[in-house]
Amino acid sequence: MQYFGIAMPSEKPSALSIGLMSGTSADGVDGVLLEIHDQARPELHATCSQHYSDSTKKKIRKTAKRKIRDASEAAELDMQLAGICAGVVNRLIEHSGPARIAVVGCHGQTVHHSPNSKPPFSLQIGNAEELARLTNLPVVSNFRSADIQAGGQGAPLAPAFHQAVFASPRENRSVINIGGISNITCLPADPVLDVTGFDTGPGNTLIDNWCRTHFGCAFDKDGEIAKTGEVQLDLLNILLDDKYLKLETPKSTGLEYFNMKWVKEKLGLWDGYGQCSDADILATLTEFTATSIADALNALTPGVSRGFLCGGGAHNPLLVSMLARRTDFGLEPTTTLGIDPQWVEAAAFAWMAYRTVQGLTSTLPSVTGASRPVIAGTLHAPPAASRVCSTAQS
Ligand SMILES: Nc1ncnc2c1ncn2[C@@H]1O[C@H](COP(=O)(O)OP(=O)(O)OP(=O)(O)O)[C@@H](O)[C@H]1O
Ligand SMILES: [Mg+2]
């Protein structure tokens, strides 16, 4: 099989694919090397993370808040992120050699997610053409656009992967990904029932933002700061009285909505502000995050029998214990299903990219609300393959 002049290993029993994820927390790039089999579950062969420097994080936040001087700043960041992604790919291929890699799936850094605007769009940066050049590998990027063009939210996209690797005919499972934004997937045991999923609201983003602005740290490690505060119930109720949380599915959200402006507006509605500590507010934001996820989980049909946690929030024991208190089913990390919480999203994009080059769909209209499943992403051929392609056409 040939795709853009690249020989695809469809005749082989398995293929290697690399997935790169840099989520809304903008903490760095997570990468995995995944072996995808025809019949069996994919296997994780290698993993690698590259944290962003503080200056890169600042540039991402500035771009997302549209506070950049001009387009050249965004373009420079686009190329810089491609370089960081290439570093992760090059470390991953030390495990296999480049020859065996079928494709790289690079999600890119979301700087604006706006599926309900006119026209709707979701913008990820991290120049895929440059990544293909730097790694000399085919790269699939821009995973969300085709679903949005088909009338969907373009998010969340991982549920199709969750279905492929985590579903069980014996129990209704839920996958709970607590990244910057939190999303859940409902995997019914009954194969006749649709897989559902949506963004529940904030994951770590409000906690991270509050920590950065009031405690000078990037996140609340192990929930240690929030543990010193007291949850403010009146404020919690104000936070929970929110229009996104009440929206019907399909729905997705981003940092355009759940941000410090949102927190300040809510604090403005509370007469206790000024009489409590910054740690009290952090504790309340953590409880709010857990409650919004738990409420979404408890409303799922069919009811969940087991919940599997992934994303960085799975490492916050306070957040997890608050979530456990508000749900009546067992919660465990995805490690028990064979993938450590940190790598699930990156593995999802390795899987999706491989399906893309095979011409297979990888989105679920029951999740995103699109009119049909789509082949997600755009393929960028490496320079050598592009030359083969243009020679063949001329
Ligand atoms: N030990 C820890 N204690 C508390 N929070 C943690 C810990 N480790 C990670 N985190 C949280 O996880 C976040 C990073 O999570 P993750 O990488 O899953 O988010 P993301 O990049 O937005 O991902 P995605 O959008 O793909 O779901 C950090 O910003 C931090 O808030
Ligand atoms: Mg991350």
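Bear in mind the structure is a predicted one, so any value in this text is a computation, not a measurement.

**Things to note about the overall build of the chain**
The helix and strand inventory of the chain stands at 15 helices and 14 strands. Here the C-alpha atoms of the chain give a radius of gyration of 21 Å, agreeing with the 21 Å that 2.2 N^0.38 yields for 394 residues. For the chain, the proportion of its 394 residues judged to be buried stands at 55%. Taking the contacts inside the chain whose residues are at least 6 apart along the sequence as the reference set, 69% of them involve residues at least 24 apart.

**Digging into helix α12 (residues 317-325)**
What sets the pattern is the α-helix's 3.6 residues per turn: residues three or four places apart point alike. The complete set of buried residues in α12 reads Leu 318, Leu 319, Val 320, Met 322 and Leu 323. Its side-chain oxygen placed 3.1 Å from the backbone nitrogen of Leu 318, Asn 316 serves as the N-cap of α12.

**Some details on the packing of helix α1 (residues 54-64) against helix α2 (residues 71-92)**
Between α1 and α2, the least distance of the axes is 11 Å, while the angle of their chain directions is 135°. The angle between α1 and α2 falls in the class oblique. Taken as a pair, α1 and α2 cross one another with a handedness that is left-handed. Residue-level contacts link Thr 56, Lys 59, Ile 60, Lys 62 and Thr 63 of α1 to Glu 73, Ala 74, Leu 77, Gln 80, Leu 81 and Ile 84 of α2. Taken together, the residues of the contact of α1 with α2 sort by class into five nonpolar, three polar and three charged.

**Thoughts on the sheet that holds strand β12 (residues 306-310)**
Strand order across the open sheet formed by five strands is β11-β10-β9-β12-β13, with mixed pairing between neighbours. Either end of the sheet is taken by a strand with one partner, and the two such strands are β11 (196-202) and β13 (330-333). Taken over all neighbouring pairs, the strand axes of this sheet differ in orientation by 20° on average, direction set aside. As paired strands, β12 and β13 are joined by four bridges and run parallel to one another. Bridging from a neighbouring strand, Leu 309 pairs with Pro 333 of β13. Relative to the sheet, helix α5 (residues 159-166) contacts β9 (173-178) and β10 (181-187), its axis offset from that of β10 by approximately 45°.

**Side note on the pairing of β11**
With six of its seven residues buried, β11 lies for the most part within the structure. One ladder, built from six bridges, connects β10 with β11; its direction is antiparallel. Bridge pairing links Cys 186 to Thr 196 in β11.

**Overview of the environment of Ser 366**
In this structure, Ser 366 sits in helix α14 (residues 365-368). On the basis of relative accessible area, Ser 366 is assigned to the partly exposed category, the value being 31%. Ignoring anything within four residues of it in the chain, the contact list for Ser 366 reads Asp 194, Val 195 and Thr 196. Side-chain polar atoms of Ser 366 contact the backbone oxygen of Val 195, separated by 2.5 Å.

**As for the layout of surface pockets**
Each pocket or cavity is described by its volume, and for the second largest pocket that value is around 650 Å³. What lines the second largest pocket is a set of 25 residues, among which Arg 61, Ala 64, Lys 65, Leu 255 and Asn 259 lie closest to the centre. Where the lining of the second largest pocket is concerned, the elements lending two or more residues are α1, β6 (101-114), α6 (205-215) and α10 (260-268). Top element by residues in the lining of the second largest pocket is α6. It accounts for five residues. For the lining of the second largest pocket, the class distribution of residues is six nonpolar, nine polar and 10 charged. Residue-level mapping places the lining of the second largest pocket at the junction of two domains, with at least three residues from each of domain 1 (2-154 + 344-393) and domain 2 (159-342).

**Focus: empty space enclosed by the protein**
Taken as a whole, this structure holds one cavity of 30 Å³ or more when the rule is applied. Within this model, the largest cavity holds a volume of roughly 40 Å³. Lining the largest cavity we find Thr 24, Ala 64, Thr 110, Val 111, His 112, Gly 254, Leu 255 and Glu 256. In terms of residue count, the dominant contributor to the lining of the largest cavity is β6 (three residues). Shared between two domains, the lining of the largest cavity holds at least three residues of each, these being domain 1 (2-154 + 344-393) and domain 2 (159-342).

**Brief notes about the domain arrangement of the chain**
What the domain assignment reports for the chain is domain 1 (2-154 + 344-393) and domain 2 (159-342). Each of domain 1 and domain 2 has a C-alpha centre, and these two points are 25 Å apart. Each side of the interface is counted separately: domain 1 has 25 residues, and domain 2 has 33 residues. On the domain 1 side of the interface with domain 2, the three residues burying the most area are Arg 41, Val 344 and Val 367, jointly 28% of the side's total. Where domain 1 meets domain 2, there are zero salt bridges. When contributions to the side of domain 1 that touches domain 2 are tallied by element, the ones reaching two or more residues are β5 (43-51), α1, β6, α13 (344-357) and α14.

**Considering the site of ligand 1**
The environment of ligand 1 is formed by 20 residues, the closest being Ser 25, Gly 180, Asp 208, Asp 222 and Gly 312. Between ligand 1 and the protein, one listed contact pairs an oxygen atom with a backbone N or O atom of Gly 312 at 2.8 Å. Protein contact buries 87% of the 650 Å² of open area that ligand 1 shows by itself. The residue inventory of the shell around ligand 1, partitioned by class, reads two nonpolar, 12 polar and six charged.

**Some remarks on the nonpolar core**
Judged by nonpolar contacts, the single largest core of 42 residues is most densely connected at Ile 184, Trp 210, Val 263, Leu 297 and Leu 323. When residues of this core are traced back to their parent elements, those giving at least two are β9, β10, α6, α8 (233-240), α10, α11 (278-298) and α12. Ranked by residue count, the leading element in this core is α11, at 10 residues. Ignoring anything within four residues of it in the chain, the contact list for Ile 184 reads Ser 174, Val 175, Ile 176, Thr 196, Gly 197, Phe 198, Thr 200, Ile 293, Ala 296, Leu 297 and Leu 300.

What counts as what
- Residues numbered from 1 in each chain as written.
- Chains lettered and ligands numbered in written order.
- Predicted model: local features only at pLDDT ≥ 70, side-chain atom pairs only at ≥ 80, totals over all residues.
- Heavy atoms only, no water.
- Helix = DSSP H or I, 4+ residues; strand = E, 2+ residues; numbered from the N terminus.
- Rg over C-alpha atoms; globule rule 2.2 N^0.38 Å.
- Buried < 20%, exposed > 50% of the residue type's maximum accessible area, 1.4 Å probe, protein only.
- Contact = heavy atoms within 4.5 Å.
- Polar contact = N/O pair within 3.5 Å; in protein donor to acceptor, adjacent residues only side chain to side chain.
- Axes fitted to C-alpha atoms, helices over the stretch in contact; angles between N-to-C directions.
- Parallel < 35°, antiparallel > 145°, perpendicular 65-115°, else oblique.
- Left-handed = near helix turned anticlockwise from the far one by under 90°.
- Nonpolar A, V, L, I, M, F, W, Y, C, P; charged D, E, K, R; others polar.
- Pairing = 2+ DSSP bridges.
- 1 Å grid on protein atoms, 1.4 Å probe; cavity = no way out; pocket = protein on both sides within 12 Å on 5 of 7 lines; lining within 4 Å.
- Points joined across faces, edges and corners; volume = space filled by probe spheres on them.
- Domains from an automatic or database assignment.
- Buried area = accessible area lost by both parts, 1.4 Å probe.
- Salt bridge = Lys/Arg side-chain N within 4 Å of Asp/Glu carboxyl O.
- Near = heavy atom within 4 Å.
- Areas by Shrake-Rupley, 256 points an atom, 1.4 Å probe, with all protein chains shown as cover.
- Core = buried A, V, L, I, M, F, W, Y, C linked by side-chain atoms within 4.5 Å.

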